[in-house]
Amino acid sequence: MRIFKFKSELQVYLNQLREIQTIGFVPTMGSLHQGHVALIDSAKSYSDIVVCSIFVNPKQFDSSQDFDKYPRSLSQDISLLNNINCDILYCPDESDIYSSSERADEFDLNGLDRYMEGKYRKNHFQGVATVVKKLFQLVAPHFAFFGEKDLQQLQIIKHITRQLDSGIKIMGVPTVRDDSGLAISSRNKRLNALELEKAKLLYQSLLYIRKNFTKKTVILLKEEIELNFRKQSELKLEYLEIVDIQNLQPIDIFLEKDRNAVCIAASISGVRLIDNIIF
Ligand code: AMP
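Here goes a summary of the coordinates provided. A quick note: this is a predicted structure, and the numbers were derived from the prediction, not measured.

Conventions we followed
- Residues numbered from 1 in each chain as written.
- Predicted model: local features only at pLDDT ≥ 70, side-chain atom pairs only at ≥ 80, totals over all residues.
- Heavy atoms only, no water.
- Axes fitted to C-alpha atoms, helices over the stretch in contact; angles between N-to-C directions.
- Helix = DSSP H or I, 4+ residues; strand = E, 2+ residues; numbered from the N terminus.
- Parallel < 35°, antiparallel > 145°, perpendicular 65-115°, else oblique.
- Left-handed = near helix turned anticlockwise from the far one by under 90°.
- Contact = heavy atoms within 4.5 Å.
- Nonpolar A, V, L, I, M, F, W, Y, C, P; charged D, E, K, R; others polar.
- Pairing = 2+ DSSP bridges.
- Phe/Tyr/Trp six-rings, centres within 6.5 Å; stacked < 30°, edge-to-face > 60°.
- Buried < 20%, exposed > 50% of the residue type's maximum accessible area, 1.4 Å probe, protein only.
- Lys NZ or Arg CZ within 6 Å of the ring centre and 35° of its normal.

Concerning the packing of helix 9 (residues 193–212) against helix 10 (residues 218–230)
When two helices pack together, their arrangement is captured by the angle between the axes and the distance separating the axes. Here helix 9 crosses helix 10 at 160°, and the two axes come no closer than 10 Å. Between helix 9 and helix 10, the angle falls in the class roughly antiparallel. As helix 9 runs across helix 10, the sense of the crossing is right-handed. Residues Leu201, Leu202, Ser205, Tyr208, Ile209 and Asn212 of helix 9 touch helix 10, and the partners they reach there are Leu221, Glu224, Ile225, Asn228 and Phe229. Tallied by class, residues from the contact of helix 9 with helix 10 come to seven nonpolar, three polar and one charged.

Next up, the structure:
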């Protein structure tokens, strides 16, 4: 695998390849796990060359404490990427991405950031969109791969890619789960066995709603899940939203098949987990 720390060198290298080969791009913040591996595998199946980036983007964190606490494991990540035959890694320092006083851009996100992560993490998606735009301009891939686990992020990236008119095809990759159904995340490592057991309630709640959406109302299903969470003192439900997948606005009545998404965020012992399913 070729490793680049500087965009100038990466650009020269990619420009030689671009003429004859298709490029698939997988942006990450590192601390790689099986979810990221699924994105790289998917990128390999669509493109000749796979570029992965690892950059913990300060502009998408609401506090510098959170940013500092974010897990970093570059040498382990490099071994993993080598093992799965990733072709190129771009792992810049902040100064290669942002100038010293640079602020996040202001994108028109058309209300896609009004609820859920956008509501609870102010300016998060402006920060995500800012870095993704820069990375897209640099790598100029044919395809870019994002996890459905971060559904709101995926829809926002699709939206800004249309706005930028870059021709990049955005590919959503299904959520990778562990045997218990818990969506894999680098944060899961911070949970002990009992907490992992409790965390199953997130996915179970999503499955319950999917199973019952033709029999019960949106309001009733939300109430049932909220009640289940109130009975579990260790788990704190942050939000449970049932939304139209196209505009990410909450709905009162279920839509036709594959237009509904239920999104959940909850914390357990201070570890924040998110998940969703589409039905
Ligand atoms: P991150 O490094 O957390 O910014 O994530 C990088 C990419 O990996 C994003 O597109 C995420 O949606 C995706 N991702 C993270 N966890 C999973 C998972 N369990 N399954 C599928 N994709 C994932």
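Brief notes about the sheet that holds strand 2 (residues 23–28)
Read from one edge of the open sheet, six strands run 1-4-3-2-5-6, paired in parallel fashion. Looking at strand neighbours, the two that pair on one side only are strand 1 (2–4) and strand 6 (169–173), the edges of this open sheet. Direction aside, neighbouring strands of the sheet carry axes that sit 25° apart on average. As paired elements, strand 5 (residues 143–147) and strand 6 share five bridges and run parallel to each other. Counterpart to Phe146 in the pairing with strand 6 is Gly172. With respect to the sheet, helix 1 (residues 7–18) is in contact with strand 1, strand 2, strand 3 (49–54) and strand 4 (88–90), its orientation differing from that of strand 4 by roughly 150°. Against the sheet, helix 4 (residues 74–83) makes contact with strand 1, strand 3 and strand 4, and its axis sits at roughly 170° relative to strand 3, the strand it touches most.

What about the packing of aromatic side chains?
Tallying each qualifying case throughout the model produces 13 aromatic pairs. Plain terms: the ring middles of Phe61 and Phe67 are 5.6 Å apart, the flat faces sit at 70° to each other, and that makes the pair edge-to-face. With respect to burial, Phe61 and Phe67 carry one shared label: buried. One cation-aromatic arrangement involves Arg2 over Tyr13; the distance from NZ or CZ to the ring centre is 4.6 Å. A cation over a ring is seen here: Arg72 above Phe67, with NZ or CZ 4.8 Å from the ring centre.

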